[in-house]
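One letter stands for each residue in the lines below.
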Amino acid sequence: MAAGGPSRSERKAAERVRRLREEQQRERLRQVSRILRKAAAERSAEEGRLLAESEDLVTELQGRSRRREGLKRRQEEVCDDPEELRRKVRELAGAVRNAKYLVVYTGAGISTAASIPDYRGPNGVWTLLQKGRSVSAADLSEAEPTLTHMSIARLHEQKLVQHVVSQNCDGLHLRSGLPQTAISELHGNMYIEVCTACTPNREYVRVFDVTERTALHRHQTGRACHKCGAQLRDTIVHFGERGTLGQPLNWEAATEAASKADTILCLGSSLKVLKKYPRLWCMTKPPSRRPKLYIVNLQWTPKDDWAALKLHGKCDDVMQLLMDELGLEIPPYSRWQDPIFSLATPLRAGEEGTHSRKSLCRSREEPPPGERAAPLSSAPVLGGWFGRGCTKRTKRKKVT
Ligand SMILES: [Zn+2]
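All values derive from a computational prediction rather than experimental measurement. (Residues numbered from 1 in each chain as written. Predicted model: local features only at pLDDT ≥ 70, side-chain atom pairs only at ≥ 80, totals over all residues. Heavy atoms only, no water.)

Peer 1: Would you mind going over the packing of aromatic side chains with me for this structure?
Peer 2: Under the criterion given, the structure shown has 2 aromatic pairs. With a centroid separation of 5.0 Å and an interplanar angle of 80°, the aromatic rings of Trp-251 and Tyr-277 are classed as edge-to-face. Taken together, the residues Trp-251 in helix H9 (residues 251-260) and Tyr-277 in the loop between strand S8 (263-267) and strand S9 (292-296) connect sequence positions 26 residues apart. Looking at Tyr-277, the relative accessible area reads 23%, which means it is partly exposed. The residue whose ring lies beneath Arg-74 is Trp-300, and the NZ or CZ to ring-centre distance is 3.7 Å. (Phe/Tyr/Trp six-rings, centres within 6.5 Å; stacked < 30°, edge-to-face > 60°. Helix = DSSP H or I, 4+ residues; strand = E, 2+ residues; numbered from the N terminus. Buried < 20%, exposed > 50% of the residue type's maximum accessible area, 1.4 Å probe, protein only. Lys NZ or Arg CZ within 6 Å of the ring centre and 35° of its normal.)

Peer 1: When you look at the sheet that holds strand S3 (residues 183-185) in this model, what are you seeing that I'm missing?
Peer 2: Strand pairing in a sheet takes place through backbone hydrogen bonds and is either antiparallel or parallel in direction. Strand order in the open sheet made by the 6 strands is S3-S2-S1-S8-S9-S10, with parallel pairing throughout. Each having just a single partner strand, S3 and strand S10 (309-311) make up the two edges of the open sheet. Strand after strand, the sheet turns through a mean of 15° between neighbouring axes, direction not considered. Sheet topology places strand S1 (residues 102-106) next to strand S2 (residues 163-166); 4 bridges connect them, and they run parallel. (Pairing = 2+ DSSP bridges. Axes fitted to C-alpha atoms, helices over the stretch in contact; angles between N-to-C directions.)

Peer 1: Honestly, the coordination of the zinc ion in this entry has me stumped. Any pointers?
Peer 2: Four donors placed tetrahedrally about a metal ideally form angles of 109.5 degrees, and six donors placed octahedrally ideally form angles of 90 or 180 degrees. The zinc ion binds to the protein through Cys-195 (SG), Cys-198 (SG), Cys-225 (SG) and Cys-228 (SG); the donor distances cover 2.2 to 2.4 Å. Viewed at the metal, the 4 donor atoms of the zinc ion are separated by angles of 101 to 116°, and the geometry they form is tetrahedral. All donor residues of the zinc ion come from one chain, and their arrangement in sequence is C-x2-C-x26-C-x2-C. Of this pair, Cys-195 sits in strand S4 (residues 192-195) while Cys-225 sits in the loop between strand S6 (220-224) and strand S7 (231-234), placing them 30 residues apart in sequence. Comparing Cys-195 with Cys-225 shows no difference in burial state: the two are buried. (Donors = N, O, S within 2.8 Å, 3.2 Å for Na, K, Ca; no water. Tetrahedral: all angles 85-135°; square planar, octahedral: opposite > 155°, others 65-115°.)

Peer 1: Help me out: how do you make sense of the pairing of S6 in this one?
Peer 2: Within a regular beta strand, the side chains point alternately toward one face of the sheet and then the other, so they alternate between its two faces. Here S6 pairs with S7 via 2 bridges, running antiparallel. The residue bridging Ala-224 from the neighbouring strand is Gln-231, located in S7. Taking the residues that link successive antiparallel strands as the turn, the S6-S7 hairpin has 6 residues, and the phi of Gly-229 there is positive, at about 85°.

Peer 1: Which parts of the structure should I look at to understand helix H10 (residues 315-326)?
Peer 2: The periodicity of an α-helix, 3.6 residues per turn, causes residues three or four places apart in sequence to face the same way. The end-to-end C-alpha distance of H10, which contains 12 residues, comes to 16 Å, matching closely the 16 Å that a straight helix rising 1.5 Å per residue would cover. Here H10 has its buried residues at Cys-315, Asp-316, Val-318, Met-319, Leu-322, Met-323 and Leu-326. Burial along H10 is one-sided: seen end-on, the buried residues are contained in an arc of 160°. Lining the buried residues of H10 we find helix H4 (82-98), helix H7 (147-157), S8, S9 and S10. (Expected span 1.5 Å × (residues − 1). Arc of directions from axis to C-beta. Contact = heavy atoms within 4.5 Å.)

Peer 1: Just to check I follow, could you spell out the nonpolar core for this structure?
Peer 2: Soluble globular proteins tend to pack their nonpolar side chains together in the buried interior. Membership of the largest hydrophobic core comes to 69 residues, with the highest contact counts inside it found for Tyr-105, Leu-267, Leu-280 and Leu-322. Not counting chain neighbours up to four residues away, the residues in contact with Leu-322 comprise Val-89, Leu-92, Ala-93, Val-96 and Leu-155. The next biggest cluster of nonpolar side chains, apart from the first, holds 7 residues, and it includes Val-32, Leu-50, Leu-51 and Leu-57. (Core = buried A, V, L, I, M, F, W, Y, C linked by side-chain atoms within 4.5 Å.)

Peer 1: In this structure, what is going on with the packing of helix H1 (residues 8-37) against helix H3 (residues 55-75)? I would like to understand it.
Peer 2: With their axes 10 Å apart at the nearest point, H1 and H3 run at an angle of 60° to one another. As far as their axial angle goes, H3 and H1 are oblique. Relative to H3, H1 is oriented so that their crossing is right-handed. Touching Gln-25, Arg-28, Leu-29, Val-32, Ser-33 and Leu-36 of H1 are Leu-57, Val-58, Leu-61, Gln-62 and Arg-64, all from H3. For the contact of H1 with H3, the per-class residue count stands at 6 nonpolar, 3 polar and 2 charged. (Parallel < 35°, antiparallel > 145°, perpendicular 65-115°, else oblique. Left-handed = near helix turned anticlockwise from the far one by under 90°. Nonpolar A, V, L, I, M, F, W, Y, C, P; charged D, E, K, R; others polar.)

Peer 1: It is not clear to me how the confidence of the model for the protein chain should be interpreted in this structure. Could you clarify?
Peer 2: Across the protein chain, the average pLDDT comes to 85, with 82% of residues at or above 70. pLDDT under 50 marks residues 374-400. Its contacts with residues more than four places away, or in other chains, come to 62 contacts. (pLDDT = per-residue confidence, 0-100.)

Peer 1: What's the story with the environment of Thr-181 in this structure? I'm lost.
Peer 2: Following the sequence through the fold, Thr-181 ends up in the loop between helix H8 (172-175) and S3. Of the residues examined, Thr-181 reaches a relative accessible area of 51% and is grouped as exposed. On a C-alpha basis, the gap between Thr-181 and Ala-253 in space is 7.9 Å, while along the polypeptide they are 72 residues apart. With near-sequence residues (within four places) excluded, Thr-181 lies in contact with His-163 and Asn-250.

Peer 1: Any chance you could explain unusual backbone geometry here in plain terms?
Peer 2: With the exception of glycine, the majority of residues adopt a negative phi angle, and the majority of peptide bonds are in the trans configuration. Residue Pro-200 is reached from Thr-199 by a cis peptide bond, and omega for that bond is -10°. Residue Pro-248 is reached from Gln-247 by a cis peptide bond, and omega for that bond is 0°. The residue Pro-248 is located in the loop between S7 and H9 in this model. Positive phi values are uncommon outside glycine, yet His-217 reaches one of about 60°. Here His-217 falls in the exposed class, since its relative accessible area comes to 60%.

Here's what the structure looks like:
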């Protein structure tokens, strides 16, 4: 035969041998895997011999199994036993008392008690909407600030918490009475639409979900600015988007807070998204000068190894214990004092048909004795902490 490469039949034969070898290898892998699943005592002498001859395969399979187990454990929700949780909360209370600058990072886990599904997660509201599935608007408008939201607002009022950075779009921090200056809603707020043609951007707080017609890279809400007539846009930052709006994202305040923080308390967040924002973790500082981390989450988080303390518990349970430990009462949420009603810009005549979402409303019942309702679209007159920080904001967004 001519000099050069192998003939066609030689190549075919070589290919057959290669395939046969691969098939044998796969069969061996299946056998070894089957034997490894048996308890050692139940393995026959023949099976024991096969394992001894397949050391590499055994090592590889055991490695795979360990990695699988590790991933499974990360998904599992773990609860500390009550005594352990109380001990950890006492330690957390000490950290809260001693912190010079405490920033709270919150995620979907603090809103689940408000029956709000994670906004961006696989079964989140927004994901469902994007897949064309409907979400009951009632689900969202019925949601109210949880015990955790109210506790955070109280801690801020007591100057024990300086700033709150949230991944949630549900607007519940604002509705708990926390002043807007103290919140960075990194992924937006479903009740806020803005005019970016106006300088500074003009903000419209609404009492309904403004995101009904919006989606990834499509943010126009279908309403127009009362001042300049430009189209309004929602404030939601979707996966794959970069949040550039000043408010309600408030990145400037978030990064300033992170740089000043000596203590960070993470509540109900997997931190998988937040960890991608290095500025929130002071990663440019040497580890010894970074803020102390306290994490409350049922599942594993990528920051667990950095945490001074990890508490496995539901946020509401932990916050109840924490507030008891600190001797602070948790104010109950009241729709009559919900700042959203005083911050909101009412729709103008002709705009009523621009949305079909159920609007938030104050209770149909009369306000309880001693509680006054905040007036609609005027500077809040509420006493106590609900009015704080709101007056300035209301002035800024006032429509002329
Ligand atoms: Zn405008």
